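# Observations on the three-dimensional arrangement
If you want the building blocks of each chain, they are given just below.
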Amino acid sequence: MPVYDDWPSLLRLAQDIAATPQVRPHLIVVDDGSSEAGPDLQILARMELSGEILRLRRNVGHQHAIATGLCHAVAQRFEGPIVIMDGDGEDRPEDLARLLSSLAQQPYGIVVAERARRHAPLGFRVFHRFYGSIFRLLTGRQLGFGNFCALRPAAARRLTYMPELNLHLAATVLRSGLPIGRLSIDRGRRYGGRSKMSFVSLSDHGLRSIAVFGETVLTRIVIAAFWLATLGALVLLTVFAMKLPGIASPGWATTVAGVTLVIVVQIAMTGLLGLFVILCGQRSGPSDPLATAQAMIERIEKFGGE
């Protein structure tokens, strides 16, 4: 679970997890470059919880922090399932058992929480629906879930070999090809305070998910540009066919042909640029999330028993 200067919420979440009889996890808390030192580790130990706090060298952002924690968990070779959740209370501890039970009973590599109900302002819900429509239009996929999920060790290991993991967890899960189980779970209320996600941050988060499917998006743009250019060429042929026998009024054919030609050239340039970016992307080598995570961790503070 990633934390950025929200330690009171983490303590309350830890208390709720400790009070959940069905699960007794090993916690991996990723301190995403917080300016505050955080809680006394003895407080967490007295809750009869074990775990560690990964102190990152700097703030890397919510998704990169999740990727760092997941890579660390995989590197430790834990044998049990791995759960990813936020530390602000919106991912409820009472739902942990449901996720783990579904993962154990179904032949899925990962089970994700699809939000049945959200406690969010109207503006956020409208933006989220708009973002979902844009994502589906550009990628041909439907997201429908966020960070709250449970993974088998093999599935978690596969994700850590995908360089897109540092950008957006949920989109990377979609791209991974893993069999995904979906569980309808209500989103909880924040323990306190307000979300640090501004409109700019939310927009950046959405663009990151689309960037995971960058080649797919560009390919769809190239195909759309081809069909639009073809449509423009048909319009030009129609204009000339009307011009030759004198059906079109004077000046009309020239104006329509000129405007259409400009649009066709712009569309063609967009398609060629997209094709060029795709080819360049295929030649560039991917990064290594595991090595990046190891370099980003400044120190590890452990608490509780093993």
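Residues numbered from 1 in each chain as written. Predicted model: local features only at pLDDT ≥ 70, side-chain atom pairs only at ≥ 80, totals over all residues. Heavy atoms only, no water.

We now examine the packing of aromatic side chains. When we look at a pair of aromatic rings, we describe it by the centre distance and by the angle of the planes. Taken as a whole and assessed by the stated rule, the structure comprises 2 aromatic pairs. Relative to Phe 213, the ring of Phe 135 lies with its centre 5.9 Å away and its plane at 80°, an arrangement referred to as edge-to-face. Taken together, the positions of Phe 135 in helix 5 (residues 122-139) and Phe 213 in the loop between helix 8 (199-212) and helix 9 (214-243) put the pair 78 residues apart, joining distant regions of the chain. For the residue pair Phe 135 and Phe 213, the accessibility class agrees, reading buried in each case. Grouping aromatic residues by their ring pairs yields a cluster made of Tyr 131, Phe 135 and Phe 213. (Phe/Tyr/Trp six-rings, centres within 6.5 Å; stacked < 30°, edge-to-face > 60°. Helix = DSSP H or I, 4+ residues; strand = E, 2+ residues; numbered from the N terminus. Buried < 20%, exposed > 50% of the residue type's maximum accessible area, 1.4 Å probe, protein only.)

The subject of this paragraph is the side chain of Asp 6. Within the secondary structure layout, Asp 6 lies in the loop between strand 1 (2-3) and helix 1 (7-18). In this structure the side chain of Asp 6 is engaged in a polar contact, spanning 3.0 Å, whose partner is the side chain of Ser 9. (Polar contact = N/O pair within 3.5 Å; in protein donor to acceptor, adjacent residues only side chain to side chain.)

What follows concerns the sheet that holds strand 6 (residues 145-151). Read across the sheet, 4 strands follow the order 4-6-5-7 without closing on themselves; strand pairing throughout is mixed. If you trace the sheet from one side to the other, it starts and ends with strand 4 (82-84) and strand 7 (180-185), each paired once. Across this sheet, the average inter-strand angle for adjacent strands is 25°, counted without regard to direction. Pairing between strand 5 (residues 110-115) and strand 6: 4 bridges, direction antiparallel. Across the sheet, Glu 114 pairs through a bridge with Phe 145, a residue of strand 6. The sheet strands contacting helix 3 (residues 62-75) are strand 4 and strand 6, and the helix crosses strand 4 at an angle near 170°. On the sheet, helix 7 (residues 169-176) packs against strand 4, strand 5, strand 6 and strand 7 and is oriented at approximately 60° with respect to strand 6. (Pairing = 2+ DSSP bridges. Axes fitted to C-alpha atoms, helices over the stretch in contact; angles between N-to-C directions. Contact = heavy atoms within 4.5 Å.)

With mixed pairing, 4 strands are arranged side by side in an open sheet as 1-2-3-8. Among the strands making up the open sheet, the edge pair consists of strand 1 and strand 8 (297-303). In terms of strand pairing, strand 2 (residues 26-31) meets strand 3 (residues 50-56) through 6 bridges, oriented parallel. Its bridge partner being in strand 3, Asp 31 is matched across the sheet by Arg 55. Across the sheet, helix 1 lies against strand 1, strand 2 and strand 3, angled at about 170° from strand 2, the strand it touches most. Taken strand by strand, helix 11 (residues 289-296) contacts strand 3 and strand 8, and its axis lies near 75° from that of strand 8.

Here Ile 180 is to be found in strand 7. The spatial distance from the C-alpha of Ile 180 to the C-alpha of Gln 106 is 9.7 Å, given a sequence separation of 74 residues. With residues near it in sequence (within four places) discarded, Ile 180 still touches Tyr 108, Ile 110, Val 112, Val 173 and Leu 174.

Everything listed is a geometric property; what it means functionally is a separate question.
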